[in-house]
Amino acid sequence: MQFCTECGGALNLFESNDENVCWNCVRKKDAVSPQPVPVPVIQPDDDDLSEAILYHENNMLVLKAKEGWILWSGPDTGQVTLDVIMKRAQKIHTIRKKRHNNKN
């Protein structure tokens, strides 16, 4: 007679089990083991600002796109959240990209 390596219970004699684990333990493992979560595929965005450069010039903070467009600027003395800067820069980048595409 064979016994389950997990719980020690007797294995069913009429079924073949290569792992020597009873069906109750197999079901418990399946229920407990986390299912793999599909990773969302990130599509490249036309308005991607990951290559934009933030620099300091004449007491101003300036965000410039890789195309050379100034997307945002503000005084270096005030406080502005990064979320506000990115939203405004995204809008400006989208508008300038459309104008550039319409021009060509």
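Keep in mind it's a predicted model, so treat the numbers as computed, not measured.

Looking only at helices and strands, one finds two helices and three strands in the protein chain. The helix and strand sequence of the protein chain, counted from the amino end, reads α-β-β-β-α. Here the protein chain holds 104 residues, and the buried ones make up 17% of them. Counted over contacts in the protein chain with a minimum sequence separation of 6, partners at least 24 positions apart contribute 23%. Taken as a whole, the protein chain presents about 8,800 Å² of accessible surface, with 55% of it coming from carbon and sulfur.

Sheet topology note: the strand 1 (residues 53-57)/strand 2 (residues 60-64) ladder contains five bridges and is antiparallel. Within strand 2, the position partnered with Y55 by the bridge is V62. Counting the residues that bridge the hairpin from strand 1 to strand 2 gives two residues, and of these N58 lies at a positive phi of roughly 50 degrees.

Turning our attention to the pattern of salt bridges. In the structure shown here, the tally under the stated rule is three salt bridges. Of the charged contacts in the structure, one is a salt bridge between E67 and K97, with a shortest N-O distance of 3.5 Å. Taken as a pair, E67 in the loop between strand 2 and strand 3 (70-75) and K97 in helix 2 (residues 82-103) lie far apart in primary sequence, 30 residues in all. For E67, a relative accessible area of 32% corresponds to the partly exposed category. Residue class for K97 comes out partly exposed when judged on its relative accessible area of 22%.

Another aspect to go through is the environment of I92. Tracing the backbone shows I92 in helix 2. In this structure the C-alpha to C-alpha distance between I92 and L71, which are 21 residues apart in sequence, comes to 5.9 Å. Leaving out residues up to four positions away in the same chain, I92 has contacts with I70 and L71.

Conventions and cut-offs
- Residues numbered from 1 in each chain as written.
- Predicted model: local features only at pLDDT ≥ 70, side-chain atom pairs only at ≥ 80, totals over all residues.
- Heavy atoms only, no water.
- Helix = DSSP H or I, 4+ residues; strand = E, 2+ residues; numbered from the N terminus.
- Buried < 20%, exposed > 50% of the residue type's maximum accessible area, 1.4 Å probe, protein only.
- Contact = heavy atoms within 4.5 Å.
- Areas by Shrake-Rupley, 256 points an atom, 1.4 Å probe, with all protein chains shown as cover.
- Pairing = 2+ DSSP bridges.
- Salt bridge = Lys/Arg side-chain N within 4 Å of Asp/Glu carboxyl O.

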